[in-house]
Amino acid sequence: MELEYKSGSPAPLWKEGVQRVYLFFGSEDRLKQEAVDALIKATVSPDFADFDLEVLDVSNAGAEAILASAGQVPFGSDYRVVVVRGMEQWRERGKSAEAERLAEGVERLGSATCLVLVASAEEEDDKRKTAVTTKLDNAVKKVGAIVAFRSLKGEGLSKWVVERVRKEGKQIEGEATNLLLESVGHELLSLEQEILKLVCWVDERPTITLKDVGTVTASSPEDVVFKLIDSITRRETDNALQLLAEVHRYDPKPQAVAGKLLALLSRQYRMLWQAKFLDGKRVSPRDVRALPPELASELPSEGNIAQIAFRAGDLFQLARNYSWDELTQVMEWLLLCDLANKGNVLEAVGIFGTDPVGNLQLLVLLLTGATNRKQRSA
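As a starting point, this report considers the structure included with it. (Residues numbered from 1 in each chain as written. Predicted model: local features only at pLDDT ≥ 70, side-chain atom pairs only at ≥ 80, totals over all residues. Heavy atoms only, no water.)

**Some words on the pairing of strand β4 (residues 80–85)**
Each regular strand shows side chains that alternate between the opposite faces of the sheet.
And step 1. A large share of β4 lies buried, amounting to 6 of its 6 residues.
And step 2. Side-chain alternation along β4 places R80, V82 and V84 on one buried face and V81, V83 and R85 on a second face that is also buried.
And step 3. As paired elements, strand β3 (residues 53–57) and β4 share 5 bridges and run parallel to each other. Looking at the pairing, D57 lines up with R85 of β4.
And step 4. Handedness of the crossover is the feature at issue here: the chain leaves β3, passes through helix α3 (residues 63–70), returns alongside β4, and the resulting connection is right-handed.
And step 5. Of the pairings in the sheet, the one linking β4 to strand β5 (residues 113–118) comprises 6 bridges and is parallel in character. Each bridged residue has a counterpart across the sheet, and for V84 the counterpart in β5 is L117.
And step 6. Taking the sense of rotation as the criterion, the β-α-β connection linking β4, helix α4 (residues 96–106) and β5 turns out right-handed. (Buried < 20%, exposed > 50% of the residue type's maximum accessible area, 1.4 Å probe, protein only. Helix = DSSP H or I, 4+ residues; strand = E, 2+ residues; numbered from the N terminus. Pairing = 2+ DSSP bridges. Right-handed = clockwise from strand over helix to strand, strands pointing away.)

This is the structure:
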């Protein structure tokens, strides 16, 4: 079975009954999370979530571990739900064997199993012919559903904004919606963050106006820097390079730009590290404000995720797109770039040079994965 997900309409996912396996792919990660949440709500009893729901990542779980988890009998719910993130990693030739082993096992899954395979967005996902590999795709189609999450455009995107605002108990003017899309772009996570800002801004007023959007989303040098940080951590290469060029126009001092940007990037990735750690401990984003002492003691006293608990949901979701190896590599690149910018080129092991502008451009390419994509296509 092949489906295309429509924002705000998760019910078609189980219209023909809850499937034994789903494979989510496409360019809209925000909608994938919406669909995952809806499936969990429809299949797992909240009282038994600790027993009947498990979240895995292919960076530390192979096909055997995934099938073993999915093969367990539900304890108190109608279904045992296993969500597996990072499936895009198995598109690489060296990992395709794991995908094939999983393909062989999905046909043997029981009727009380709901295995949800999630591939995070990569460039050209909307044009991709295979979700992961041909063999795994075909196996999923046979016993479950492959679900495409396409980019929202035009009227569909405007409707998504209106509906997201309505969920916060507000309305938004048509012209305000247009300006919001022009100012923020079409990336749903960025739009959602701006919508939440606008809801706080209007306070008790029921309607978000054109003036509200103009005030809250107006660009400043600081706004551009934070948009750049978001774009880099979401691996949006082209957008990040454009924003980096804009940052340089605001501040013509390359060393100053490099120092500020590296400090903010380091902070952001440390937050993602903490989010991934807590997510692995089955901590909910809403519980970050009041962590158990044994977990709180393992987090840094400064730059603690609990200090920005209002962003925990976004950080948890973003952290799921990174493996531990990737986060370790990111921290190494940040350190090497900083060393090179401070004149320690030899310690930067030949990756970075003496030009801060060029170093930041290369860093963006490394952090957004553009160099890896180029190597794979070569």
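Don't stop here, the text continues.
**Topic: the side chain of E34**
And step 1. Relative to the elements of secondary structure, E34 occurs in helix α1 (residues 29–43).
And step 2. Among buried Asp, Glu, Lys and Arg side chains, E34 stands out as unpaired, with K167 the closest opposite charge at 4.3 Å.
And step 3. Not counting chain neighbours up to four residues away, the residues in contact with E34 comprise Y5, S7, G8, S9 and K167. (Lys, Arg positive; Asp, Glu negative; His and termini not counted. Salt bridge = Lys/Arg side-chain N within 4 Å of Asp/Glu carboxyl O. Contact = heavy atoms within 4.5 Å.)

**Remarks on the packing of helix α15 (residues 324–341) against helix α16 (residues 356–367)**
And step 1. For the pair α15 and α16, the least separation of the axes is 10 Å and the interaxial angle reads 175°. Between α15 and α16, the angle falls in the class roughly antiparallel. Each of V330, W333, L334, C337, A340 and N341 in α15 lies in contact with α16, whose residues at this interface are P356, N359, L360, L363, L366 and L367.
And step 2. Residues that form the contact of α15 with α16 fall into these classes: 10 nonpolar, 2 polar and no charged. (Axes fitted to C-alpha atoms, helices over the stretch in contact; angles between N-to-C directions. Parallel < 35°, antiparallel > 145°, perpendicular 65-115°, else oblique. Nonpolar A, V, L, I, M, F, W, Y, C, P; charged D, E, K, R; others polar.)

**Regarding the environment of S266**
And step 1. The residue S266 is located in helix α12 (residues 254–280) in this model.
And step 2. Judged by relative accessible area, which is 17%, S266 ranks as buried.
And step 3. Linking S266 and V330, residues 64 residues apart in sequence, is a C-alpha distance of 9.0 Å.
And step 4. Beyond its immediate sequence surroundings of up to four residues, S266 is in contact with M331 and L334.

**Regarding the sheet that holds β4**
And step 1. Pairing in this open sheet of 6 strands is parallel, and the strands run β1-β6-β2-β5-β4-β3 from one edge to the other. Of all strands in the sheet, those bounded by a partner on one side alone are β1 (2–4) and β3. Within this sheet the neighbouring strands show an average axis-to-axis angle of 20°, counted without direction.
And step 2. Bridging between strand β2 (residues 21–26) and β5 involves 4 bridges; their strand directions are parallel. Across the sheet, residue Y22 finds its bridge partner in β5, namely V116.

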